[in-house]
Amino acid sequence: MSGPNDNFDPKQVAALDAAQIDSFVTDALAAIAAAPTTAELKQVRLNHAGDASPLALANREIGALPPQARKEAGRRVGQARGRLTQAIAARQAELAEAELSAALIAQRVDMTLPVDRGPRGALHPVTNLIDEMIDVFVAMGWQVADGPQLESEWHNFDALNLAPDHPARALQDTLWADPPSAGKLLRTQTSPVQIRAMLERGVPLYVISPGKVFRADEYDATHLPVFHQLEGLVVDKGISMADLRGTLDHLAKEMFGDVSTRMRPHYFPFTEPSAEVDLQCFVCHGESVGNPDRPCRTCRSEGWIEWGGCGVVNPRVLTACGVDPEVYSGFAFGMGVDRTVMFRTGAPDLRDFVEGDIRFSRSIIGGAR
C-alpha cells in the first residue's frame, strides 16, 4: 500500500537545507541594504519575500517532506522569512526618514523673503464706505440691524404707512416675487429692517440698517436696479427734529469733512414732518451759484447736492410696531451709499460699480486695501 510520501523527491530536501536557505537570506539582505529608495525597496520585497520568492516557494515544499523533516525545515524557513521581514521594515523606516528630510530641504521656503504669488484684491468702494459709516454710528453707541432681502408686503409698505394704492407698489416700481398675490417682494428700501428692529428689540432704539435694495430702475450712468442704502432710526423719549439735524451734520462732516447741510420740506408717508437733506457742494462750496465764470459740474452750479431723506417718525408707524406715540418719538433718515461714493470720489458712472473690475476699486480713493 502506497503512502503520501512515496513520490518524495530527494532534491526537495536539498532545496530546504540550511546552506540553501542561508544563501537565499544572504542574497535578500544584500538587495535590501542596496535599495536606494522606498520604491525600489518595494520591488526587492516582492523579489525576495513575495509570493513568488525562493523562500515562499521553499515554504510550499515543506508539506511534501517526510514527517521527520518537516519540523526542522519549517523552523529554518520561518526564521529566514522573519529576518527578511525585520530587515525590510528597518530599511523602509531608514529610507522614509531620509526621503522626508530631503523633501523638507528641497521644499523649504524662506519666510523672510517678500513674495507676491497673485494679484492683490481690494474692497469694493461701496463695502468700504458702508464700513466707514457703520464705524461712525457704532462710536456713538448705535447698533447695526439686518433683515431679509426678500421681504413681506406688510413690512415693506403697510407698516410704513404706504397706502394700498401708493405708486411705489406698482409693478413698474417694485420687483414682486411670483406670484404677486403672495405679497413677497425684493425690498425697495432698508426701512423694513427698522420695522423688524422695533418689533424684535423694542424701545428705546438706536439702529442703522445698511444693505442692498431693489427697484425696477433703468440701468444707466445714474441708476441701478440693485443699489445700497444706509438708513438710521432712533426711537426714545423726547426725540426731536433737532436731534436728527445734529446727527446728520455729524455724519456729513465724518464723510465729507467741513461741509454744511440743509433740509428742505418734503413728504414721506413714514415720517411727519419730512425733509430732503442736501449737502453744500464740496467742490465749489456754493460759489458757482449765479457765477457763469465758475461753473461747477458736481452740483450743476446749484450750490447744493441732494443726499437723502429724513424726518420725525410718523406716529402711525410707531403704533403699527406696538410703540406708544404718546410716550415715545423718533427720527429716521436714509441715503444711497452708491451715490455717496460718487459724491466723495467723483466717479462718473454707476455702472462701473457692478462691472467687477478691480482696477475701478483701486482707483477710488479710500477703496483699496
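Residues numbered from 1 in each chain as written. Predicted model: local features only at pLDDT ≥ 70, side-chain atom pairs only at ≥ 80, totals over all residues. Heavy atoms only, no water.

- Per an unreviewed UniProt entry, the chain is named Phenylalanine--tRNA ligase alpha subunit, and its organism is Tessaracoccus bendigoensis DSM 12906.
- The annotation that UniProt attaches to the chain under Subcellular location (unreviewed entry) is "Cytoplasm".
- UniProt, in the comment section headed Sequence similarities (unreviewed entry), describes the chain in these words: "Belongs to the class-II aminoacyl-tRNA synthetase family. Phe-tRNA synthetase alpha subunit type 1 subfamily." (UniProt positions renumbered as here; feature names shortened; annotations may be inferred.)

1. What about the sheet that holds strand β4 (residues 205-214)?
Link 1 in the chain: The strand order across the open sheet formed by seven strands is β1-β4-β5-β9-β8-β7-β6, and the pairing between neighbours is mixed. Every other strand in the sheet has two partners, leaving β1 (143-144) and β6 (261-268) as the edge strands with one partner each.
Link 2 in the chain: In the sheet, β6 pairs with strand β7 (residues 271-280) via seven bridges, with the strands oriented antiparallel. When the bridges of β7 are listed, F268 appears paired with T271. (Pairing = 2+ DSSP bridges. Helix = DSSP H or I, 4+ residues; strand = E, 2+ residues; numbered from the N terminus.)

2. Here we look at the side chain of E151
Link 1 in the chain: Tracing the backbone through its elements, the reader meets E151 in strand β2 (residues 150-152).
Link 2 in the chain: Assessed through its relative accessible area of 0%, E151 is described here as buried.
Link 3 in the chain: A distance of 2.6 Å separates a polar atom in the side chain of E151 from a polar atom in the side chain of R196.
Link 4 in the chain: Beyond its immediate chain neighbours, meaning those up to four positions away, E151 contacts N156, G183, K184, L185, R187, P192 and R196. (Buried < 20%, exposed > 50% of the residue type's maximum accessible area, 1.4 Å probe, protein only. Polar contact = N/O pair within 3.5 Å; in protein donor to acceptor, adjacent residues only side chain to side chain. Contact = heavy atoms within 4.5 Å.)

3. Looking at the pairing of strand β9 (residues 329-336)
Link 1 in the chain: Of all eight residues in β9, seven are buried, a share of seventy percent or more.
Link 2 in the chain: When strand β5 (residues 226-236) meets β9, the two strands line up antiparallel, connected through eight bridges. Bridge assignment links L233 to a residue of β9, and that residue is A332.
Link 3 in the chain: Where strand β8 (residues 304-313) and β9 come together, five bridges link them in antiparallel fashion. Counterpart to C310 in the pairing with β9 is F333.

4. Focus on the UniProt feature "binding site: Mg(2+)" (unreviewed entry) in the chain
Link 1 in the chain: The positions UniProt marks with the feature "binding site: Mg(2+)" (unreviewed entry) are E272.
Link 2 in the chain: Note that E272 resides in strand β7.
Link 3 in the chain: When neighbours within four sequence positions are excluded, E272 is seen to be in contact with V312 and N314.

5. Describing the packing of helix α4 (residues 54-61) against helix α5 (residues 67-106)
Link 1 in the chain: One can describe the packing of α4 onto α5 by two numbers: an axis separation of 10 Å at closest approach and a directional angle of 155°. Classified by the angle between their axes, α4 and α5 sit roughly antiparallel to one another. Here α4 runs over α5; the crossing is left-handed. Mapping the contact onto sequence places L55, A56, A58 and N59 in α4 and V77, A80, R81 and L84 in α5.
Link 2 in the chain: Tallied by class, the residues present in the contact of α4 with α5 amount to six nonpolar, one polar and one charged. (Axes fitted to C-alpha atoms, helices over the stretch in contact; angles between N-to-C directions. Parallel < 35°, antiparallel > 145°, perpendicular 65-115°, else oblique. Left-handed = near helix turned anticlockwise from the far one by under 90°. Nonpolar A, V, L, I, M, F, W, Y, C, P; charged D, E, K, R; others polar.)

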